[in-house]
Amino acid sequence: VLAAVEKKISPLVDMFNHGTYPNVEITYDGEGNCLANAMNDIAAGSLLTVSLGDPSNPSPMFAKYGFLDDDSPGIFAKAVNHQEEMKDLGYG
C-alpha cells in the first residue's frame, strides 16, 4: 500500500521540464506557497528543469507521466515486473 501524498497545483512550476539532473528545487513553505529555487547558476534562456522520477527505476515515472528520458534504459522489461505497483498507482 502506498502512502497518501498531498497533491498541489503550482501553475508556473507545472510548466518546468523534467531533467535527470534538475537545476531547480521545488519546496513549499508552511502556508503552502510554492518556492522554486535554483540549485546552481542557470544561464539566461536555459530550460528550468525538475526531476519527476528516478531514472534507475523508471517504471513509476513512465506509468504516471507517460514518457521516459534518455537516462531511463530498459523500461519495458522493468514495467512488466511492476504491474501490481502500476495498478496501485491507478494505471492499468
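Residues numbered from 1 in each chain as written. Predicted model: local features only at pLDDT ≥ 70, side-chain atom pairs only at ≥ 80, totals over all residues. Heavy atoms only, no water.

*Asks:* Looking at this model, I keep getting lost on the overall build of the protein. Mind explaining?
*Replies:* The secondary structure content of the protein amounts to 3 helices and 4 strands. The order of α-helices and β-strands along the protein, N terminus first, is β-β-β-β-α-α-α. Within the protein, buried positions represent 22% of all 92 residues. When contacts within the protein are restricted to residue pairs at least 6 apart in sequence, those whose partners lie at least 24 apart make up 40%. Of the roughly 6800 Å² of accessible surface on the protein, a fraction of 55% belongs to carbon and sulfur atoms. (Helix = DSSP H or I, 4+ residues; strand = E, 2+ residues; numbered from the N terminus. Buried < 20%, exposed > 50% of the residue type's maximum accessible area, 1.4 Å probe, protein only. Contact = heavy atoms within 4.5 Å. Areas by Shrake-Rupley, 256 points an atom, 1.4 Å probe, with all protein chains shown as cover.)

*Asks:* Please clarify how the side chain of S10 should be interpreted in this entry.
*Replies:* The topology assignment puts S10 in the segment before β1 (17-18). Leave out the neighbours within four places in its chain, and S10 touches Y28 and C34.

*Asks:* What exactly am I supposed to notice about the side chain of H18 here?
*Replies:* Structurally, H18 can be placed in strand β1. Here the side chain of H18 touches L52 through a polar contact of 3.0 Å, landing on its backbone nitrogen. (Polar contact = N/O pair within 3.5 Å; in protein donor to acceptor, adjacent residues only side chain to side chain.)

*Asks:* Looking at this structure, I do not really get the pairing of strand β3 (residues 34-38). What am I missing?
*Replies:* For a regular strand, side chains alternate in direction, first toward one face of the sheet and then toward the other. Of the strand pairs in this sheet, strand β2 (residues 24-28) and β3 are connected by 5 bridges, and their pairing is antiparallel. Counted as the bridge partner of E25 is N37 from β3. Taken together, β2 and the strand that follows it, β3, pair antiparallel across an intervening segment of 5 residues, in which G32 is found at a positive phi of about 90°. (Pairing = 2+ DSSP bridges.)

*Asks:* Looking at this structure, how should I read the confidence of the model for the protein?
*Replies:* Interpreting fine coordinate detail is not advised for predicted regions of low pLDDT. Averaged over all residues, the pLDDT of the protein is 79; the fraction at 70 or higher stands at 80%. Confidence, expressed as mean pLDDT per element, reaches its minimum in the protein at helix α2 (residues 75-80) with 53 and its maximum at β3 with 93. (pLDDT = per-residue confidence, 0-100.)

*Asks:* Help me understand the environment of L89 in this model?
*Replies:* Inspection of the secondary structure assignment puts L89 in the segment after α3 (83-88). Separated by 26 residues in sequence, L89 and A63 place their C-alpha atoms 8.1 Å apart.

*Asks:* I would appreciate a short explanation of the environment of Y65 in the present structure.
*Replies:* Among the structural elements, Y65 can be located in helix α1 (residues 59-65). Sequence separation of Y65 and G53 is 12 residues, and the distance between their C-alpha atoms is 9.6 Å.

*Asks:* In this structure, what is going on with the environment of P11? I would like to understand it.
*Replies:* Its place among the elements puts P11 in the segment before β1. Once the C-alpha coordinates of P11 and C34 are considered, the two residues, 23 residues apart in sequence, prove to be 9.8 Å apart.

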